[in-house]
Amino acid sequence: MMNFEGLDPGLGEYTPGLHGGLEPGLDSSMDPRLDPALLQGVELDPDALAVPVSESMHIVEGMYSELHSVAAEVGIPVTATHFDMQEELLWMGNHRGHASSFFGPTMGRYSSFQVHMTDDIRHIQSMETGVLFLTKNNLKCHTRGGLVMFDYPMEEGADMHSLILTDNNTLLMGGLQNYVAELDLTTVQETQKFTVEVPGVAIIRQSNRFFFCGHTSGKMSLRDVRTFKMEHEFDAFSGSLSDFDVHGNLLAACGFSSRGLNGLSCDRFLMVYDLRMMRAITPLQVHVDPLFLRFIPTYTSRLAIISQTGQCQFCEPTGLANLADIFHVNTVGQLLMSFDVSSSKQALSFGDSGGCVHLWSSAPEVSFNSYSRETELALPCLVDSLPQMDWNHELMPLSLLPMPLTSTEPLLSDWPAALITPSPRRAPPVDPEILRTMKTVGFIGYAPNPRTRPRNQVPYKIKDIELEYDSYNQVPESPIGRDEEPHLYMIPKKYRKVTIKYSKLGLEDFDFKHYNRTLFAGLEPHIPNAYCNCMIQVLYFLEPVRCLVQNHLCQKEFCLACELGFLFHMLDLSRGDPCQASNFLRAFRTIPEASALGLILADSDEQTGKARLGRLIQSWNRFILAQLHQETLEQEGPQAYRGASSSSTLGSSGESVIGRLFGCEVENSSLCRCGKETVRASLTLLFTMHYPEQSSQDKTIDEYDFAEILKKSICLEQSTQAWCDNCEKYQPTVQTRNIRCLPDVLVINCEVNSAKEAEFWKAQTEYAYNKALKKEAAEPPKPKEPLPTEWCLEDELCNVEGLTFDTPAEDMKHVWIPLSLKMCISKTLEVSSLSEGEELTESEEAEGASIYDLVVTVSHIQDTRTGGNLVAHIKVGETYHQRKEGVTHQQWYLFNDFLIEPIDKAESAQFDVNWKLPAVLYYVKRNYHTKYDLRIKNPIDASVLLTEASLARKQRKSHATFIPLMVSEMPQSADLVGLDAEFVTLNQEEAELRSDGTKSTIKPSQMSVARITCVRGQGPNEGVPFIDDYISTQEQVVDYLTQYSGIKPGDLDAKISSKHLTTLKSTYLKLRFLIDTGVRFVGHGLQKDFRVINLMVPKEQVIDTVYLFHMPRKRMISLRFLAWYFLELNIQGETHDSIEDARTALQLYRKYLELSHNGVQDEFRKVLKALYEKGRKLDWKVPDIDSADGQGSPKSTAVFPSVMGL
C-alpha cells in the first residue's frame, strides 16, 4: 500500500493530461529534490509512452540494469506488480481493475483480463492453483488464463489494501478499517475477524515469530501468529508509514514526517530495528526520497530503496549509504506506483503511472524463481489445408476426391441411432482396502493408495458383471465363524447402521429426506438405548396398540404406556421428519425391571458393539409387552393414580387390551415319574422358538417345515428336574404346555443366538429354496407383479436398493418362514403353512381355524465394521396410508432408524444368516382389528393447567413467579403464548479431531429441559407468566450452564430447591394441551426448545422471532441484540431468565407486526438491512448502557405494569 497523504495533491489524479504537456527539454527544476546528474541522457517522449530498451544492451553480471519495458495500457497507472511464485510470469494490475501477465524475461503477453469494473487492483498474490487479486472491497481468484475460480465480496465500508497467505488454505486481509479478516480459501468463507486499532492495517508482513502490521499513523505492530494479539509496537514516523520490510532479525521502514503547517514530507532517514532486543538501532540516511524498500538478501542483507521519481539506491541496513550505488529507472517522467522483487532476487519490477512495467535484472538469463514449473502456453491455431493432389499419379485413391451428394438415398455410413448410442462400461468396484482406510472430509474421502492395480488403468473384462451392491458392504469372514476359509459377504447399503453427520449447525443441514422419501416418521439413533427404535415402530404400526396407549393417561411419573402414547402422537403429526424417543427412553431407564433384565446399555457397549443385539431385542420385546399389560391393566380413567409400589401379576384375572391382543391362555402340566400330575393355568404374551437337538455324530441337518417347529415350540414338551410334593424331593418331570385359545397377534422370539441355531436356519432355507426350484421347473413361469410406487413422495420412482427378485424361485432364496399360517385348535393345536391366495374352506371355518399373516420381522444385521444394528420389516396397513398419504394401500417397508424404504414382500422373509439373523416375528389373525375400538379420545383436558403443588419442600407462595390460568382465561385456538425453555447438560459432546485438523462430532451433547416458562400473549394480563416450572431430574447433571440458563445447582433438587418444582411429565401435559388447543407459540429459537422437550408442534403454530428478523444467507441474530435494537431493552445481562426472554419475544412479535402491518415487504427489508449493518459495525455485541440510564430503558418497566405486582 502506498500513502500519498504527504505528497503533492495532484499526484493522486491519474489523468492523461497530467503528463501530456511534458517537453523533451524539461530541466530538473520541476523537482528540487531530483539530482540533475541522474537525468543525463534521458529523453522524454511527448506522448508519455514507454521507450523499449534495445536488445543489444549489455548487462553487467551482478549489477541491476533494465532488461525490458512494456506498456500494458497507456495512461492507466500500474497499481500493483507481482512475480509469480510458481511460474515464470510477471503480473500487473492497473487503476481500472485490469490485470495482465507477461512471460519470461522477454515479457511476451501471456494473459489479460478484467478483474473489477471500477476499482483499482491493490494487491496480487499467486498460489499453486491460481492468482488472487485484491481490490477495495472484493477478493477474486482467477486461473492464470483468466477464468474466475471464486469471487468473494466483502461487506460495505471495507477498504482493503493488503493480504498475506498464512498457509496454503488461509489468508489475512487488512485495510483502513478496524479489523483484519481471516479467510478460508477451501470454503471461501470468513472464519474470524481480529479487531485492530483505527485507522487499520495497510501493510502486512510475516516472519516465523510475528505478523508485522504497518499503520498509516506511522506505527508498526508485532502480533502473535496464532492469536493475532499485539506483542510489541514501534512508533517509527510522526507523519505516516510508506513501506517496510523484514529480514532475519532486522526490520527497516521508510515513511513521512510531520512538518507542522507544511504537512508531511518524505523522511530520508530509514528506521531500522533489531528484533532480538526489540529496539531501534542507528537510523540509516539515504540520498533518495524513499517510497518503497525491500531486502534483497543475496551475499549480504542489502536494502533496495526506491523513490517515486524512479531513483533506486542499494545499501547495507547497518552501514552507510554510498552515492555510487544509485541508479535510475527510465520512467520518462512518470511516477513509480508499484514495486516487487522476484523470489530468486535476480529481477526487479516497477510499475509507473503511465501504464508501463519495467523489468530490471542482474543477469542476462534471468529466472524469476529458483524452481519454476512449466507454463502452459496457448496452442497455435492450426488451419486445415487440403493436400496437393497429383491427377496423373496412378496410385492416387479416388476416395480423396470430394464428391457432391446428388441423391436422397441414405449413405452406408449413416448407422441407425440404436447402433451408435454410447454404452459406457460400468465402473469397477472400489478396492475394499481403500474404503477401510478412508477418512472423509465433507463429501470427499482420502485414503493411501494400496497399489493393487496400475495407475490410471482399469483391466477390461468381457463378461458383464451386474453388481447388486457396492464394495463397501463386504464384511471379511462369516460373522458366526463357521467357515474355515474367509469369505466376503455383501450387506446392502440400506441395511447398514445409519449415522447422523453433525455440522456446525447441528442437524439443521442434515438431509433426512435422502434416507426417507415417505411421509412416515423415522427415529433418531443417537440417544442412549435407542437400539429399540425398530420395536417402537412395530408397536406403532399395530393399530390397537397405538390407539390403546394414545387413550391412556395416568399420574405415575414414569409410565411407559403414557410415554409411548406421547411418542405415537408425534409420529402421527410428523410428515416424514424424524422424531426421537428421548422422553420414552428416559422413563425406560428408570424402570428397575429393565435394569435387572440387562436392557439398560452402557454407552461404551453401544459404541463398541459389544452388546448382543439379537438376544437383547428379544428380551426387550418380552419386557415391553409385560410392562404395557401391567400398566394398562390397572388404569381405570385418565386421572387414576397408581403408586410405584403397586403391582399386578401376569396371570391375574383382570384383562387389558394387551392381554386380549397378545395373550394366550396356556396349561402347564408337570408329570412326575411317581404318577402325580400338576396343572397350572397362566397367560403368556409371546412364544419362543425351540429347535430340535442334533446328534454330535450326525452332522447333516434334517428338513423341517416352519409350521412343524412352531407347533412344537408352542406345545412344548421337555424333561427337567422339578419339586414333587408327593415325593417331597426334586424328581425328573415331564413338563407339557398346551394352549386353550389362539391369540390375535402371535409374537415369536426366534432365539437364533448361536452358530448352532444359525446353521439350522441356513439349512432349512436351502431345503426350501431347492424345493422351490424343482417346483418352478415343473410349472410354467408366471409374470412378476411390479413393485407399486405410487406412495412415494414427489411421484418419482422409488429406488429399492438391495436384493432383486426375478422369478418365484429367486423370491424363495434365504426364505424359510411362510407369509401366512393356518392355525386351529380342535383336540390339539394344528399349524400349517398357507400358500399365497389360499383361503379357508367352510369346514375349516366351522372348526374355528384362523389365518395368520406375517406383518413384522425384526432382524439383527451383523456388520463387523459398525458393531451391527437392528432393523424391522413392517407391513403398514391401509389406515396408516390413508392418514398420511390419502391412499388405500398395504405395503411392506424397511425401518432402519431414520431410513425408511418400501420393499418387496418376499424380502421381508429373507434371512441370509451370514449377515442377517431373524430376531422377532409377528403374525396377526386376519381382520383381527375389527373387534377393537380404534377411536382415539384425547385424555388430556384443561385440568392439567390448574394449580398444582410443588415437589420442592422449601417453596413458599411468596416465591411464586407465575399466576396460574383462571377458568375464564383458558386458551383458545390461535391465542398467543410466549414460550422459553432453559436446559442443562447430562452428557458432554463426543468429538474427534481428524488428521487434517477438522473436528468431527461423533455424538452430540445430551440436553435435558430444566425450566419451562409460558406467558400470556393477550388480554389484560399480557406478559404475565402462567407456567414457570422447574423440572426435577433424577439423572446426573454434568453442566448446569448457569451463564446461559440461569439454573443453579440445587434448583432441581426437591430437598433444597425454593423453586416451583414439577415432573417433566406434568409440564409436558400442559404443553400438549396447549398444542392440541391450537395456540400459537411465540419465542426465540423454538426449534431447539421443542426438540429437547421432545414435542412435535405443527409449523403453523410456531412463531419464531429468530426467523422473523432474518435475511436469507445471513447469520441468525440473538434475542439480546434484537431487544436492544428494536425495543431498547438490555436483557440477559449476567444470566438468562426465561420469563424475561419469553416476554421479550412477545414484544418483538408485536414490533414485527407493527413494521410489516401494511404488508410492504420492501420497507421491512430496509429495516432488516439496517439491522444487519448496525450489527456488523458493533460486531453483534450490545454496547454497555450508561449507568445514568438507570440500567435500562424505561420501556422495561412500562410495558407490563401488571407483572411488577408479582
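Cut-offs applied
Residues numbered from 1 in each chain as written. Predicted model: local features only at pLDDT ≥ 70, side-chain atom pairs only at ≥ 80, totals over all residues. Heavy atoms only, no water. Helix = DSSP H or I, 4+ residues; strand = E, 2+ residues; numbered from the N terminus. Buried < 20%, exposed > 50% of the residue type's maximum accessible area, 1.4 Å probe, protein only. Contact = heavy atoms within 4.5 Å. pLDDT = per-residue confidence, 0-100. Pairing = 2+ DSSP bridges. Axes fitted to C-alpha atoms, helices over the stretch in contact; angles between N-to-C directions. Core = buried A, V, L, I, M, F, W, Y, C linked by side-chain atoms within 4.5 Å. Arc of directions from axis to C-beta. Polar contact = N/O pair within 3.5 Å; in protein donor to acceptor, adjacent residues only side chain to side chain. Salt bridge = Lys/Arg side-chain N within 4 Å of Asp/Glu carboxyl O. Phe/Tyr/Trp six-rings, centres within 6.5 Å; stacked < 30°, edge-to-face > 60°. Lys NZ or Arg CZ within 6 Å of the ring centre and 35° of its normal. Parallel < 35°, antiparallel > 145°, perpendicular 65-115°, else oblique. Left-handed = near helix turned anticlockwise from the far one by under 90°. Nonpolar A, V, L, I, M, F, W, Y, C, P; charged D, E, K, R; others polar. Disulfide = S-S within 2.5 Å.

Caption draft 1: Focus on the overall build of the protein chain. Regarding its fold elements, the protein chain presents 24 helices and 55 strands. Considering the protein chain as a whole, with its 1206 residues, one finds that 49% of them fall into the buried category. Contacts in the protein chain between residues far apart in sequence, at least 24 positions, make up 61% of those at least 6 positions apart.

Caption draft 2: Main features of the confidence of the model for the protein chain. Mean pLDDT for the protein chain: 80, with 81% of residues reaching 70 or above. Every residue in residues 1–60 is under pLDDT 50, and counting partners more than four places away or in other chains gives 74 contacts. Low pLDDT, under 50, characterises residues 636–653; the stretch is placed with 24 contacts to residues that sit more than four places away or in other chains.

Caption draft 3: View of the sheet that holds strand S5 (residues 108–114). The sheet built from 4 strands is open, its strands ordered S2-S3-S4-S5 with antiparallel pairing. Both outer strands of the open sheet, strand S2 (78–83) and S5, are each paired with one neighbouring strand and no more. Pairs of neighbouring strands in the sheet enclose a mean axial angle of 20°, with direction left out of account. Where strand S4 (residues 98–103) meets S5, 6 bridges bridge the pair, whose relative direction is antiparallel. Note that in S5 the partner of serine 101 across the bridge is serine 111.

Caption draft 4: Representation of the nonpolar core within the structure. Tyr531, Ile536, Ile617, Trp620, Phe662, Tyr922 and Phe1081 are the most contacted members of the largest nonpolar core, which has 105 residues in total. Sequence-distant contacts of isoleucine 617, defined by excluding residues within four places in its chain, comprise Tyr531, Cys532, Cys534, Met535, Leu870, Ala919 and Val920. Counting 52 residues, the second largest nonpolar core, distinct from the first, contains Phe512, Ile748, Met823 and Leu854.

Caption draft 5: A look at the sheet that holds strand S51 (residues 1006–1016). In spatial order, the strands read S53-S52-S51-S48-S54-S55; together these 6 strands make up an open sheet with mixed pairing. Every interior strand has two partners, whereas the edge strands, strand S53 (1061–1062) and strand S55 (1102–1104), have only one. Direction of pairing for strand S48 (residues 976–987) relative to strand S54 (residues 1080–1083): parallel, over a ladder of 3 bridges. Residue pairing in the sheet places glycine 978 in a bridge with valine 1082 of S54. Sheet strands in contact with helix H18 (residues 1064–1077) are S48, S51, strand S52 (1025–1031), S53 and S54, and its direction is about 145° off that of S52. Its contacts with the sheet put helix H19 (residues 1086–1093) on S48, S51, S54 and S55, and the angle it makes with S48 is roughly 60°.

Caption draft 6: Region of the structure containing the pairing of S4. For S4, the tally of buried residues reaches 5 of 6 residues, placing the bulk of the element in the interior. Across 5 bridges, the pairing between strand S3 (residues 89–94) and S4 is antiparallel. For tryptophan 91, the partnering residue across the bridge sits in S4 and is serine 101. Taking the residues that link successive antiparallel strands as the turn, the S3-S4 hairpin has 3 residues, and the phi of glycine 97 there is positive, at about 80°. Here S4 folds back onto S5 in antiparallel fashion, the turn holding 4 residues, of which glycine 104 has a positive phi close to 65°.

Caption draft 7: Spatial organisation of helix H11 (residues 706–714). Buried residues of H11: Phe706, Ala707, Ile709, Leu710, Ser713 and Ile714, and no others. Looking straight down H11, one finds its buried side chains confined to an arc of 160°; they lie on one side. Where H11 starts, the residue carrying a side-chain oxygen 3.2 Å from the main-chain nitrogen of alanine 707 turns out to be aspartate 705.

Caption draft 8: Structural view of the pattern of salt bridges. Evaluated as defined, the whole model comprises 41 salt bridges. Aspartate 120 is the salt-bridge partner of arginine 122, the closest N and O atoms lying 3.6 Å from each other. Given a relative accessible area of 17%, aspartate 120 falls into the buried group. Because the salt bridges share partners, they merge into one network encompassing Asp84, Glu87, Glu128, Arg144 and Arg373.

Caption draft 9: Representation of unusual backbone geometry. Cis geometry marks the peptide bond from valine 198 to proline 199, where omega comes out at 15°. Tracing the backbone through its elements, the reader meets proline 199 in the loop between strand S13 (189–195) and strand S14 (203–206). Positive phi is not limited to glycine here, since valine 188 has a value of about 50°. Examined against the element boundaries, valine 188 turns out to sit in the loop between strand S12 (179–184) and S13. Under the relative-accessibility criterion, valine 188 is labelled partly exposed at 22%.

Caption draft 10: Summary view of the packing of aromatic side chains. Tallied over the full model, the rule gives 51 aromatic pairs. Aromatic side chains tyrosine 704 and phenylalanine 760 sit 5.8 Å apart centroid to centroid with 45° between the ring planes, which places their arrangement in the tilted category. Of the two residues, tyrosine 704 is situated in the loop between strand S37 (687–688) and H11 and phenylalanine 760 in helix H12 (residues 755–778); the sequence distance between them amounts to 56 residues. The pair formed by tyrosine 704 and phenylalanine 760 is uniform in burial state, with each residue classed as buried. Linked through ring pairs, Phe1109, Phe1121, Trp1124, Tyr1125, Phe1126, Tyr1149, Tyr1152, Phe1164, Tyr1172 and Trp1180 together constitute an aromatic cluster. The cationic tip of lysine 193 hangs over the ring face of tyrosine 179; the distance from NZ or CZ to the ring centre is 4.3 Å. When the ring centre of phenylalanine 244 is taken as origin, the NZ or CZ atom of arginine 205, which lies over that ring, is 5.6 Å away.

Caption draft 11: How the structure looks around the packing of helix H21 (residues 1119–1127) against helix H22 (residues 1138–1155). The geometry of H21 relative to H22 is characterised by a closest axis approach of 10 Å and an angle of 50° between their N-to-C directions. Comparing their axes, H22 and H21 come out oblique. The two elements H21 and H22 cross, and the hand of that crossing is left-handed. Of the residues in H22, those in contact with Leu1119, Leu1122, Ala1123, Phe1126 and Leu1127 of H21 are Asp1141, Thr1144, Ala1145, Gln1147, Leu1148, Lys1151 and Leu1155. A per-class count over the contact of H21 with H22 returns 8 nonpolar, 2 polar and 2 charged.

Caption draft 12: Structural view of the pairing of strand S17 (residues 230–235). Pairing of strand S16 (residues 219–224) with S17 involves 5 bridges; the strand directions are antiparallel. Its bridge partner being in S17, lysine 219 is matched across the sheet by aspartate 235. Connecting S16 to the next strand, S17, in antiparallel fashion are 5 residues, including phenylalanine 228 with a positive phi near 65°.

Caption draft 13: Here's a closer look at the packing of helix H5 (residues 560–573) against helix H9 (residues 613–633). Close contact between H5 and H9 brings their axes to 9 Å; oriented N to C, the two are set at 105°. Accordingly, the angle class assigned to the pair H5 and H9 is roughly perpendicular. Contacts between H5 and H9 involve Leu560, Ala561 and Leu564 from the first element and Phe623, Ile624, Gln627, Leu628, Glu631 and Thr632 from the second. Class assignment for the residues of the contact of H5 with H9 results in 6 nonpolar, 2 polar and 1 charged.

Caption draft 14: A look at helix H15 (residues 878–885). When H15 is considered as a whole, its buried residues turn out to be Tyr880, His881, Lys884 and Glu885. Projected down its long axis, H15 carries its buried residues within an arc of 95°, all on one side. Residues of H15 that are buried sit in contact with helix H3 (533–540), helix H4 (543–551), H5, strand S44 (869–876) and strand S45 (891–896). Glycine 886 sits one or two residues past H15 and shows a positive phi near 75°.

Caption draft 15: Quick peek at the side chain of serine 1032. Relative to the helices and strands, serine 1032 resides in the loop between S52 and helix H17 (1042–1045). Beyond its immediate stretch of four places on either side in the chain, serine 1032 contacts Arg586, Leu951, Leu1052, Leu1061 and Thr1062.

Caption draft 16: Region of the structure containing the environment of glutamine 346. Counting through the fold element by element, glutamine 346 comes out in the loop between strand S28 (336–341) and strand S29 (347–352). Relative accessible area serves as the criterion here: at 27%, glutamine 346 is assigned to the partly exposed category. Once the C-alpha coordinates of glutamine 346 and alanine 363 are considered, the two residues, 17 residues apart in sequence, prove to be 6.8 Å apart. Apart from residues no more than four positions distant in its own chain, glutamine 346 is found in contact with Tyr64, Trp360, Ser361, Ser362, Glu365, Val366 and Ser367.

Caption draft 17: Quick look at the environment of valine 341. Locating valine 341 in the fold gives a position in strand S28. Relative accessible area serves as the criterion here: at 13%, valine 341 is assigned to the buried category.

Caption draft 18: Main features of the state of the cysteines. Scanning the entire structure with this criterion turns up 0 disulfides. You can see cysteine 741 has no disulfide; the closest cysteine sulfur is in cysteine 664, sitting 4.8 Å from it.

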